[in-house]
Amino acid sequence: MIAIMQPTFLPWIGYFYMIAKVKYFVFLDNVQFEQRSWQSRNKIRLQEKEHFISLSHQKTSQKTLICDIKLSKDTKWKDKILKTFYHAYSKSDNFNLIFDSLKYNLNKHENLCELNISLINAICKILEINTPLFRSSMLDLSDLKRENLLVAICKKLDAKDYLSANGSKIYLDKEEAKELFKDNEINISYFDFTHPVYKQNLNKRGGGFIPYLSVVDFLCSVKDPREEFKKILQKN
(Lines give C-alpha, C1' and ligand atoms only; values in the text may rest on other atoms or scores of the structure.)
Protein backbone atom coordinates (compact mmCIF):
# COMPACT_ATOMS: atom_id res chain seq x y z
CA MET A 1 0.00 0.00 0.00
CA ILE A 2 1.13 3.52 -0.80
CA ALA A 3 0.15 6.95 0.54
CA ILE A 4 0.79 10.27 -1.17
CA MET A 5 0.60 13.59 0.68
CA GLN A 6 1.92 17.11 0.32
CA PRO A 7 4.90 17.87 2.62
CA THR A 8 3.34 20.00 5.33
CA PHE A 9 4.93 21.96 8.18
CA LEU A 10 5.12 19.91 11.39
CA PRO A 11 1.96 17.95 10.49
CA TRP A 12 -0.57 16.42 12.92
CA ILE A 13 -0.14 12.97 14.42
CA GLY A 14 -2.50 11.37 11.88
CA TYR A 15 0.01 12.20 9.13
CA PHE A 16 2.61 10.04 10.87
CA TYR A 17 0.10 7.29 11.50
CA MET A 18 -0.51 7.22 7.74
CA ILE A 19 3.23 7.00 7.04
CA ALA A 20 3.60 4.12 9.50
CA LYS A 21 0.70 2.17 7.97
CA VAL A 22 1.91 2.00 4.36
CA LYS A 23 4.75 0.29 2.50
CA TYR A 24 5.82 3.49 0.72
CA PHE A 25 5.06 7.14 1.40
CA VAL A 26 5.42 9.82 -1.26
CA PHE A 27 5.69 13.56 -0.68
CA LEU A 28 3.60 15.23 -3.38
CA ASP A 29 5.93 18.18 -3.88
CA ASN A 30 5.52 18.89 -7.61
CA VAL A 31 2.07 20.45 -7.30
CA GLN A 32 1.10 24.09 -6.88
CA PHE A 33 1.93 25.76 -3.57
CA GLU A 34 -1.07 27.08 -1.66
CA GLN A 35 -0.79 30.31 0.32
CA ARG A 36 -1.70 30.13 4.03
CA SER A 37 -2.07 26.34 3.93
CA TRP A 38 -0.65 23.54 6.09
CA GLN A 39 2.35 23.61 3.78
CA SER A 40 3.62 26.69 5.60
CA ARG A 41 1.93 26.75 9.01
CA ASN A 42 0.46 24.66 11.79
CA LYS A 43 -1.07 24.90 15.25
CA ILE A 44 0.39 24.28 18.69
CA ARG A 45 -1.09 24.66 22.18
CA LEU A 46 -0.12 27.90 23.93
CA GLN A 47 -1.78 29.07 27.14
CA GLU A 48 -4.50 26.45 26.67
CA LYS A 49 -5.46 27.78 23.23
CA GLU A 50 -4.67 27.02 19.60
CA HIS A 51 -1.82 29.16 18.30
CA PHE A 52 -0.44 29.26 14.75
CA ILE A 53 3.27 29.14 13.99
CA SER A 54 4.09 30.03 10.38
CA LEU A 55 6.96 29.81 7.95
CA SER A 56 7.80 32.93 5.98
CA HIS A 57 8.55 32.49 2.30
CA GLN A 58 9.66 34.70 -0.55
CA LYS A 59 7.05 36.17 -2.86
CA THR A 60 6.38 33.99 -5.84
CA SER A 61 4.00 33.27 -8.69
CA GLN A 62 0.71 31.55 -7.84
CA LYS A 63 1.75 28.68 -10.12
CA THR A 64 5.00 27.96 -8.29
CA LEU A 65 5.41 24.34 -7.21
CA ILE A 66 5.88 23.41 -3.56
CA CYS A 67 9.38 22.10 -4.28
CA ASP A 68 10.42 25.52 -5.65
CA ILE A 69 9.31 27.72 -2.73
CA LYS A 70 12.16 29.61 -1.10
CA LEU A 71 12.05 30.66 2.54
CA SER A 72 12.44 34.30 3.52
CA LYS A 73 16.03 35.29 4.26
CA ASP A 74 14.93 37.44 7.18
CA THR A 75 15.60 35.51 10.41
CA LYS A 76 13.03 37.27 12.59
CA TRP A 77 10.26 34.80 11.71
CA LYS A 78 12.52 31.90 12.68
CA ASP A 79 13.24 33.50 16.05
CA LYS A 80 9.51 34.02 16.56
CA ILE A 81 8.74 30.33 15.93
CA LEU A 82 11.45 29.21 18.35
CA LYS A 83 10.41 31.72 21.01
CA THR A 84 6.76 30.67 20.74
CA PHE A 85 7.70 27.00 20.90
CA TYR A 86 9.80 27.70 24.01
CA HIS A 87 6.93 29.41 25.82
CA ALA A 88 4.57 26.58 24.89
CA TYR A 89 6.67 23.53 25.71
CA SER A 90 9.83 24.42 27.67
CA LYS A 91 8.56 22.48 30.72
CA SER A 92 8.29 19.26 28.72
CA ASP A 93 10.71 16.39 29.38
CA ASN A 94 11.17 16.11 25.62
CA PHE A 95 11.56 19.83 24.93
CA ASN A 96 15.26 19.84 24.06
CA LEU A 97 14.91 16.90 21.69
CA ILE A 98 12.25 18.69 19.64
CA PHE A 99 13.56 22.24 20.05
CA ASP A 100 17.10 21.37 18.97
CA SER A 101 15.85 19.61 15.82
CA LEU A 102 13.52 22.49 14.99
CA LYS A 103 16.26 25.08 15.48
CA TYR A 104 18.79 23.09 13.47
CA ASN A 105 16.47 22.61 10.51
CA LEU A 106 15.18 26.19 10.50
CA ASN A 107 18.77 27.44 10.28
CA LYS A 108 19.88 24.84 7.75
CA HIS A 109 17.26 24.99 4.99
CA GLU A 110 16.48 27.76 2.51
CA ASN A 111 13.79 25.77 0.70
CA LEU A 112 10.35 25.28 2.29
CA CYS A 113 9.85 21.77 0.96
CA GLU A 114 13.26 20.58 2.10
CA LEU A 115 12.65 22.02 5.56
CA ASN A 116 9.27 20.30 5.92
CA ILE A 117 10.58 16.95 4.70
CA SER A 118 13.65 17.13 6.92
CA LEU A 119 11.49 17.81 9.98
CA ILE A 120 9.13 14.97 9.08
CA ASN A 121 12.12 12.66 8.70
CA ALA A 122 13.44 13.71 12.11
CA ILE A 123 10.08 13.02 13.76
CA CYS A 124 9.80 9.65 12.01
CA LYS A 125 13.11 8.70 13.63
CA ILE A 126 11.82 9.76 17.05
CA LEU A 127 8.69 7.64 16.58
CA GLU A 128 10.68 4.76 15.05
CA ILE A 129 8.82 4.86 11.73
CA ASN A 130 10.92 3.16 9.06
CA THR A 131 8.67 3.53 5.99
CA PRO A 132 10.69 4.47 2.86
CA LEU A 133 9.96 8.08 1.85
CA PHE A 134 10.00 9.44 -1.70
CA ARG A 135 9.48 12.80 -3.41
CA SER A 136 7.21 12.89 -6.45
CA SER A 137 9.44 15.52 -8.07
CA MET A 138 12.26 12.96 -8.14
CA LEU A 139 10.31 10.07 -9.68
CA ASP A 140 10.90 11.23 -13.27
CA LEU A 141 7.22 11.65 -14.12
CA SER A 142 5.73 13.78 -16.86
CA ASP A 143 3.67 16.89 -16.16
CA LEU A 144 0.41 15.35 -14.94
CA LYS A 145 -2.48 16.66 -12.86
CA ARG A 146 -4.49 15.28 -9.92
CA GLU A 147 -5.61 11.67 -10.31
CA ASN A 148 -3.39 11.10 -13.35
CA LEU A 149 -0.36 12.07 -11.29
CA LEU A 150 -1.45 9.85 -8.40
CA VAL A 151 -1.89 6.87 -10.70
CA ALA A 152 1.50 7.51 -12.31
CA ILE A 153 3.16 7.56 -8.87
CA CYS A 154 1.45 4.29 -7.89
CA LYS A 155 2.58 2.63 -11.10
CA LYS A 156 6.12 3.96 -10.68
CA LEU A 157 6.36 2.21 -7.31
CA ASP A 158 4.39 -0.88 -8.38
CA ALA A 159 1.65 -0.11 -5.86
CA LYS A 160 -1.74 -1.76 -6.30
CA ASP A 161 -3.33 -0.18 -3.23
CA TYR A 162 -3.57 3.56 -2.61
CA LEU A 163 -4.44 5.01 0.80
CA SER A 164 -5.94 8.44 0.22
CA ALA A 165 -6.66 11.33 2.56
CA ASN A 166 -10.39 11.92 3.00
CA GLY A 167 -10.07 15.41 1.52
CA SER A 168 -9.20 13.92 -1.87
CA LYS A 169 -12.50 12.06 -2.03
CA ILE A 170 -14.07 15.16 -3.59
CA TYR A 171 -12.41 14.41 -6.93
CA LEU A 172 -11.38 10.75 -6.55
CA ASP A 173 -15.00 9.70 -6.06
CA LYS A 174 -15.98 11.01 -9.48
CA GLU A 175 -16.68 8.39 -12.13
CA GLU A 176 -13.79 9.47 -14.36
CA ALA A 177 -11.27 9.13 -11.52
CA LYS A 178 -12.69 5.81 -10.33
CA GLU A 179 -12.48 4.42 -13.85
CA LEU A 180 -8.88 5.59 -14.19
CA PHE A 181 -7.82 3.75 -11.02
CA LYS A 182 -9.86 0.70 -11.99
CA ASP A 183 -8.33 0.55 -15.48
CA ASN A 184 -4.87 0.63 -13.89
CA GLU A 185 -5.85 -2.05 -11.33
CA ILE A 186 -5.25 0.23 -8.35
CA ASN A 187 -7.55 -0.03 -5.32
CA ILE A 188 -8.41 3.15 -3.40
CA SER A 189 -9.11 3.16 0.33
CA TYR A 190 -9.64 6.22 2.51
CA PHE A 191 -7.78 7.21 5.64
CA ASP A 192 -9.62 6.23 8.82
CA PHE A 193 -8.06 7.44 12.06
CA THR A 194 -9.39 8.06 15.55
CA HIS A 195 -7.52 10.99 17.10
CA PRO A 196 -5.89 9.93 20.39
CA VAL A 197 -6.57 11.88 23.56
CA TYR A 198 -3.49 12.50 25.68
CA LYS A 199 -2.62 14.73 28.63
CA GLN A 200 -1.97 18.31 27.52
CA ASN A 201 -1.92 20.20 30.84
CA LEU A 202 1.76 21.17 30.80
CA ASN A 203 0.91 24.60 32.20
CA LYS A 204 -1.50 23.01 34.70
CA ARG A 205 -4.21 25.55 33.97
CA GLY A 206 -6.76 22.96 32.99
CA GLY A 207 -8.78 23.34 29.84
CA GLY A 208 -10.15 20.70 27.52
CA PHE A 209 -8.21 18.57 25.06
CA ILE A 210 -7.40 20.31 21.77
CA PRO A 211 -7.15 17.86 18.84
CA TYR A 212 -5.53 18.25 15.41
CA LEU A 213 -2.50 20.19 16.60
CA SER A 214 1.00 19.73 15.20
CA VAL A 215 2.60 16.44 16.21
CA VAL A 216 5.04 18.44 18.37
CA ASP A 217 2.24 18.84 20.90
CA PHE A 218 2.02 15.06 21.23
CA LEU A 219 5.80 14.72 21.40
CA CYS A 220 6.05 17.28 24.17
CA SER A 221 2.97 16.18 26.12
CA VAL A 222 3.70 12.48 26.62
CA LYS A 223 6.73 11.13 28.46
CA ASP A 224 7.60 8.38 26.00
CA PRO A 225 6.49 9.27 22.45
CA ARG A 226 7.71 5.99 20.95
CA GLU A 227 5.69 3.81 23.30
CA GLU A 228 2.60 6.01 23.13
CA PHE A 229 2.73 6.01 19.34
CA LYS A 230 2.97 2.21 19.32
CA LYS A 231 -0.23 2.11 21.38
CA ILE A 232 -1.93 4.40 18.85
CA LEU A 233 -0.90 2.09 16.01
CA GLN A 234 -2.36 -0.89 17.86
CA LYS A 235 -5.68 0.82 18.63
CA ASN A 236 -6.43 2.16 15.13
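Residues numbered from 1 in each chain as written. Predicted model: local features only at pLDDT ≥ 70, side-chain atom pairs only at ≥ 80, totals over all residues. Heavy atoms only, no water.

### Structural notes on the side chain of Ser40
Reasoning step 1: Looking at where Ser40 falls in the secondary structure, it is placed in the loop between strand 2 (24–27) and strand 3 (41–46).
Reasoning step 2: When near neighbours in sequence (up to four residues on either side) are disregarded, Ser40 contacts Phe9, Phe33, Ile53, Ser54, Leu55 and Leu112. (Helix = DSSP H or I, 4+ residues; strand = E, 2+ residues; numbered from the N terminus. Contact = heavy atoms within 4.5 Å.)

### A word on helix 2 (residues 76–89)
Reasoning step 1: Across its 14 residues, helix 2 extends 20 Å between first and last C-alpha, which sits within 8% of the 20 Å expected from 1.5 Å per residue.
Reasoning step 2: Those residues of helix 2 that sit buried are Trp77, Lys78, Ile81, Leu82, Thr84, Phe85, Ala88 and Tyr89. Around the axis of helix 2, the buried residues are gathered within 160 degrees of arc, so they sit on the same side. Among the exposed residues of helix 2, those pointing more than 90 degrees away from its buried face are Lys76, Lys80 and Lys83.
Reasoning step 3: Turning to helix 2, the residues buried within the fold contact strand 3, strand 4 (49–54), helix 3 (95–108) and helix 8 (215–221). (Expected span 1.5 Å × (residues − 1). Buried < 20%, exposed > 50% of the residue type's maximum accessible area, 1.4 Å probe, protein only. Arc of directions from axis to C-beta.)

### Topic: the pattern of salt bridges
A side chain of one charge can pair with a side chain of the opposite charge when the charged atoms of the two come close.
Reasoning step 1: One pass over the full model with this rule turns up nine salt bridges.
Reasoning step 2: Among the ionic pairs, Glu50 bridges to Lys43, the shortest N-O distance being 3.4 Å.
Reasoning step 3: On the accessibility criterion, Glu50 (45% relative accessible area) is partly exposed.
Reasoning step 4: Given a relative accessible area of 12%, Lys43 falls into the buried group.
Reasoning step 5: Note that Lys230 is salt-bridged to Glu128, the shortest N-O span being 3.8 Å. Here Lys230 is found in helix 9 (residues 225–235), whereas its partner Glu128 is found in the loop between helix 4 (112–126) and strand 5 (133–135), with 102 residues between them in sequence.
Reasoning step 6: For Lys230, a relative accessible area of 36% puts it in the partly exposed group.
Reasoning step 7: Residues joined in a network through salt bridges with shared partners are Glu128, Arg226, Glu227 and Lys230. (Salt bridge = Lys/Arg side-chain N within 4 Å of Asp/Glu carboxyl O.)

### Overview of the pairing of strand 3
Reasoning step 1: Most of strand 3 sits inside the fold, with six of its six residues counted as buried.
Reasoning step 2: Of the two faces of strand 3, the one lined by Arg41, Lys43 and Arg45 and the one lined by Asn42, Ile44 and Leu46 are each fully buried.
Reasoning step 3: One ladder, built from six bridges, connects strand 3 with strand 4; its direction is antiparallel. Across the sheet, the residue bridging to Arg45 is Glu50, located in strand 4. (Pairing = 2+ DSSP bridges.)

### What to know about the environment of Lys76
Reasoning step 1: Turning to its location among the elements, Lys76 is positioned in helix 2.
Reasoning step 2: With relative accessibility at 63%, the residue Lys76 sits in the exposed group.
Reasoning step 3: It is 9.5 Å that separates the C-alpha atoms of Lys76 and Ser56, two residues lying 20 residues apart in sequence.

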